[in-house]
Amino acid sequence: MGLETGSTISSFITSNPTSSDPVNQGDDHLRLIKSVLKAQFPSAAGNGFATAITATEAEINALHGLTNFYFASGTRMPFAQAAAPTGWTQDTSDNATNRMLRVVNTAGNGVGGSSSPILNNVVSSHTHTFTGNAMGAHSHSDAGHQHTQLWKASTGGTTAGGDPNSVGNTSVATGVGYANIQGASAGTPSGSISANGSASDWKPRYIDMIICSKN
């Protein structure tokens with residue numbers, strides 16, 4: 001009786017069924033083939049592939065020898081999710097939290113710093129200085145000037161403040177003025193403002209990342 005049993009393709013015996021096997025065993029062979037194919041290609045639901053495989057022979061053969069889903073064991077990567085994905089283990093060897101990612105052109109995987117970039121930003125003590133240009137001694141002056149009054153002779157009397165003995169018109173200076181306002185140097189402005197170091201409430205938006213290592 002040429003009817004094998006098994007659940008994998010390797011279980012098939014290519015010489016079965018034999019020419020002497022009863023015809024009524026043909027259905028047993030067909031059922032065996034179907035069950036093996038479903039077991040070897042179960043798909044996510046376990047009922048066998050529901051979508052046609054369109055990869056070429058060359059594309060499938062290109063996968064030969066690849067393991068660990070393209071990542072070698074021990075590969076470390078950040079993930080934006082709550083727990084490590086299947087095939088990975090969260091790496092907690094660096095127990096410091098709230099670290100920023102820094103790109104370097106030297107050896108990677110270095111750590112450093114002491115202040116959290118998420119919760120607070122410590123500002124070191126520092127001084128702001130300022131200076132300017134001096135305003136030297138200077139003066140504001142007003143040029144000398146005079147006020148004149150016109151004297152005029154008149155008949156039967158004089159103009160107010162006039163001279164009855166004068167003839168014609170004449171101008172006489174009645175006042176001369178000169179102003180000079182002196183200003184001392186204002187000096188050179190300078191000074192400093194000191195700021196004490198303190199922790200400010202700097203809370204930028206962030207996303208929690210975990211570092212995982214490939215199994």
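Every value quoted in this text rests on a predicted model; they were computed, and no experiment measured them.

Asks: Requested: an account of the overall build of the chain, with residues and values cited.
Replies: When helices and strands are counted, the chain shows two helices and nine strands. Element order for the chain, N to C, with α for helix and β for strand: α-α-β-β-β-β-β-β-β-β-β. The proportion of buried residues among the 215 residues of the chain is 9%. In the chain, 72% of the contacts between residues at least 6 apart in sequence involve partners at least 24 apart. Of the roughly 17200 Å² of accessible surface on the chain, 55% is carried by carbon and sulfur atoms.

Asks: Describe the pattern of salt bridges, naming the residues involved and giving the relevant values.
Replies: This model, assessed by the stated rule, comprises three salt bridges. Residues R31 and D28 are paired through a salt bridge, measuring 2.6 Å at the closest nitrogen-oxygen approach. A residue pair is termed a helical-turn pair when its members lie 3 or 4 positions apart in one helix, as R31 and D28 do in helix α1 (residues 26–40) at three residues. Linked by salt bridges that have partners in common, D27, D28 and R31 make up one network.

Asks: Describe in detail the environment of N215, supporting the description with residues and values.
Replies: Among the secondary structure elements, N215 is positioned in the segment after β9 (210–214). N215 sits in the partly exposed class, given a relative accessible area of 44%. Measuring from C-alpha to C-alpha, the distance between N215 and T75 comes to 8.3 Å, with 140 residues separating the pair along the chain.

Asks: A description of the sheet that holds strand β1 (residues 76–79) should follow, citing residues and the corresponding values.
Replies: Pairing between the strands of a sheet is mediated by backbone hydrogen bonds and can be parallel or antiparallel. Strand order across the open sheet formed by three strands is β1-β9-β2, with antiparallel pairing between neighbours. Two strands close off the open sheet at either side, each with one partner strand: β1 and β2 (88–90). For this sheet the average axis-to-axis angle between neighbouring strands, irrespective of direction, equals 40°. Across three bridges, β2 lies against β9 in antiparallel orientation.

Asks: Can you lay out the environment of Q25 for me, pointing to particular residues and giving the numbers?
Replies: On the secondary structure map, Q25 appears in the segment before α1. For Q25 and L3, which are 22 residues apart along the polypeptide, the C-alpha to C-alpha distance reads 7.8 Å.

Asks: Provide a residue-level description of the packing of aromatic side chains, including the pertinent values.
Replies: Applying the stated criterion across every chain yields a total of three aromatic pairs. Taking the centre distance of 5.5 Å and the plane angle of 65° together, the rings of F71 and W88 count as edge-to-face. Of this pair, F71 sits in the loop between α2 (57–62) and β1 while W88 sits in strand β2, and the two are 17 residues apart along the sequence. By relative accessible area, which is 34% here, F71 ends up partly exposed.

The rules we used
Residues numbered from 1 in each chain as written. Predicted model: local features only at pLDDT ≥ 70, side-chain atom pairs only at ≥ 80, totals over all residues. Heavy atoms only, no water. Helix = DSSP H or I, 4+ residues; strand = E, 2+ residues; numbered from the N terminus. Buried < 20%, exposed > 50% of the residue type's maximum accessible area, 1.4 Å probe, protein only. Contact = heavy atoms within 4.5 Å. Areas by Shrake-Rupley, 256 points an atom, 1.4 Å probe, with all protein chains shown as cover. Salt bridge = Lys/Arg side-chain N within 4 Å of Asp/Glu carboxyl O. Pairing = 2+ DSSP bridges. Axes fitted to C-alpha atoms, helices over the stretch in contact; angles between N-to-C directions. Phe/Tyr/Trp six-rings, centres within 6.5 Å; stacked < 30°, edge-to-face > 60°.

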